[in-house]
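# A look at the structure
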Amino acid sequence: MELLYLNEEDMIKAGVRDMKSCMDSMEDVFVLLNKQDYRMGGEDANEHGIRVAFPKESNVEGMPTHKPDYRFMAMPAYLGGRFHSFGIKTYGSNPDNKDKGLPRSILMMSLLDADTGAPVSYMSANILSAMRTGAVSGVGARYLAKKDTKTVSIIGPGVMSRYTLKSFVEACPGIDTVKIKGRSERGVKGFIEYCRAEFENIKNYVVCDSIEDACRDSDIVFYGTTNAEKFEDNPRVKREWLKNGALVISASALLVDTEFLSLPEVKLVSDNYRMYDGWGTGNPLPTQKNVSTLLGMGFYDAVTEGKIKREDITDLGEIICREKTGRDSDDQIILYAVGGMPIEDVAWGFDVYNNAKKGNIGTTLKLWDSSAL
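In this report, the structure presented in the accompanying data block is examined. (Residues numbered from 1 in each chain as written. Predicted model: local features only at pLDDT ≥ 70, side-chain atom pairs only at ≥ 80, totals over all residues. Heavy atoms only, no water.)

## Side note on the sheet that holds strand S13 (residues 266-270)
- Within the open sheet, the eight strands sit side by side as S10-S9-S8-S11-S12-S15-S13-S14. Their pairing is parallel. Pairing within the sheet leaves two strands with one partner each, and these edge strands are strand S10 (204-207) and strand S14 (313-315). Here the strands of the sheet are splayed against their neighbours by 20° on average, with no regard to which way each runs.
- Two strands pair when backbone bridges link them, and S13 and strand S15 (residues 333-337) are joined in this way by five bridges, in the parallel orientation. Note on S15: the bridge partner recorded for Val 269 is Tyr 336. (Pairing = 2+ DSSP bridges. Helix = DSSP H or I, 4+ residues; strand = E, 2+ residues; numbered from the N terminus. Axes fitted to C-alpha atoms, helices over the stretch in contact; angles between N-to-C directions.)

## Notes on the packing of aromatic side chains
- Taken as a whole and judged by the stated rule, the model has seven aromatic pairs.
- With centroids separated by 6.1 Å and ring planes inclined at 75°, the aromatic side chains of Phe 54 and Phe 72 adopt a geometry described as edge-to-face. Taken together, the positions of Phe 54 in the loop between strand S3 (50-52) and strand S4 (71-79) and Phe 72 in strand S4 put the pair 18 residues apart, joining distant regions of the chain.
- Judged by centre distance (6.2 Å) and plane angle (80°), the ring pair of Tyr 194 and Phe 199 falls under edge-to-face.
- Within the aromatic cluster, the residues linked to one another by ring pairs are Phe 54, Tyr 70 and Phe 72.
- Geometry around Tyr 70 places Lys 67 over its ring, the cationic atom sitting 5.6 Å from the centre.
- Sitting above the plane of the Tyr 273 ring, Arg 310 keeps its charged end 4.0 Å from the centroid. (Phe/Tyr/Trp six-rings, centres within 6.5 Å; stacked < 30°, edge-to-face > 60°. Lys NZ or Arg CZ within 6 Å of the ring centre and 35° of its normal.)

## Structural notes on the packing of helix H3 (residues 126-144) against helix H4 (residues 159-171)
- Between H3 and H4, whose axes approach to 7 Å, the crossing angle comes to 40°. On the basis of their axis angle, the class for H3 and H4 is oblique. Handedness of the crossing formed by H3 with H4: right-handed. Contacts between H3 and H4 involve Ile 127, Ala 130, Met 131, Thr 133, Gly 134, Ala 135, Ser 137, Gly 138, Ala 141 and Arg 142 from the former and Met 160, Tyr 163, Thr 164, Ser 167, Phe 168 and Ala 171 from the latter.
- Of the residues contributing to the contact of H3 with H4, the split by class is nine nonpolar, six polar and one charged. (Parallel < 35°, antiparallel > 145°, perpendicular 65-115°, else oblique. Left-handed = near helix turned anticlockwise from the far one by under 90°. Contact = heavy atoms within 4.5 Å. Nonpolar A, V, L, I, M, F, W, Y, C, P; charged D, E, K, R; others polar.)

## What to know about the side chain of Asp 219
- Relative to the helices and strands, Asp 219 resides in the loop between helix H6 (211-215) and strand S11 (220-223).
- Engagement of the side chain of Asp 219 in a polar contact is seen with the backbone nitrogen of Lys 150, the distance being 2.9 Å.
- Apart from residues lying up to four places away in sequence, Asp 219 is in contact with Lys 146, Thr 149, Lys 150, Thr 151, Lys 243, Gly 245, Ala 246 and Leu 247. (Polar contact = N/O pair within 3.5 Å; in protein donor to acceptor, adjacent residues only side chain to side chain.)

## Notes on the pattern of salt bridges
- Applying the stated criterion to the full structure yields 20 salt bridges.
- In this structure, Asp 257 engages Arg 236 in a salt bridge whose closest nitrogen and oxygen atoms are separated by 2.9 Å. On the criterion of sequence distance, the pair formed by Asp 257 in the loop between strand S12 (247-250) and helix H7 (258-261) and Arg 236 in the loop between S11 and S12 is long-range, its members being 21 residues apart.
- For the salt bridge of Asp 328 with Lys 267, the shortest nitrogen-to-oxygen distance reads 3.1 Å. Of this pair, Asp 328 sits in the loop between helix H10 (316-320) and S15 while Lys 267 sits in strand S13; the two residues are 61 residues apart in sequence, bridging distant segments of the chain.
- The class of Asp 328 is partly exposed, set by a relative accessible area of 46%.
- Beyond isolated ion pairs, a larger network of salt bridges with shared partners links Lys 20, Asp 24, Glu 27 and Arg 142. (Salt bridge = Lys/Arg side-chain N within 4 Å of Asp/Glu carboxyl O. Buried < 20%, exposed > 50% of the residue type's maximum accessible area, 1.4 Å probe, protein only.)

Written out as structure tokens, the structure is:
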């Protein structure tokens, strides 16, 4: 029995950075999600993943202690359809990694045969994960952004936002202006330098002093900040900051007043409402169903408080499958919550693996000739 090992260089050769193909793959994911041809963790099959938590203090020698963005995660999922694969993305994250010349998070992806459980491939997943995250926002822009979109705001110009902007340019080729709100001058400068080299059609870069300034007059507003340790410290969006027709996409914690959500000109779209359903109703708080994305944006709170109805929230898969409409008018404001799901990693990992097989890329590793068990 053999499996294919793909290091980061192999993944790049196999097309992991092909944004159009990744977005097409994510569309397939949303179709299967809508058909419920998938399984993620937990009894409800909709868990984001399983997180190992560490204590704030410990007298056990060598025991790691809690700090923001220090975590170890496993994200298992099965995806059906043309993929028919099981996969597990794993990662460790430590904000101190930058002092060692390493990315904050180091990710790996395992693909397994969905029938036998045999390993098929083990691959570097940092770029894979960033691509699928960006592509999911890009698919949202395909279906929800105005056709004449020209101005994008990036709030939190980190690595993830680079890939997300790439997906926006793929979905809306008329983009020519990017507004940026970051926490450090160095981070903003690095983001602009990257964009100038990557996107020749973007001519204008505007550095903003506040989130409000970034939001105003933008066609797409993307929140890609990291979750704050305190809920109330997460960034906010307000109706009066947004132009008519704006698309707001959050891949991180974002605070929205429930009154805003119930306005008649506002449409609410989620990647997968089932991933958040049940929170706050006496059920145990599942892993990662915390202050991020849909919950931080207040969708679920608005439903439980009776401000909006569950049917007022549309899953993107319903729009792609033409069961519900996307943008209803050029003046409509749309909020799109992106939480991240391991079925996305399975899909893009599967496609890149097959590209590698066709291109004779990667290293074949032997598991056994026959099991000695």
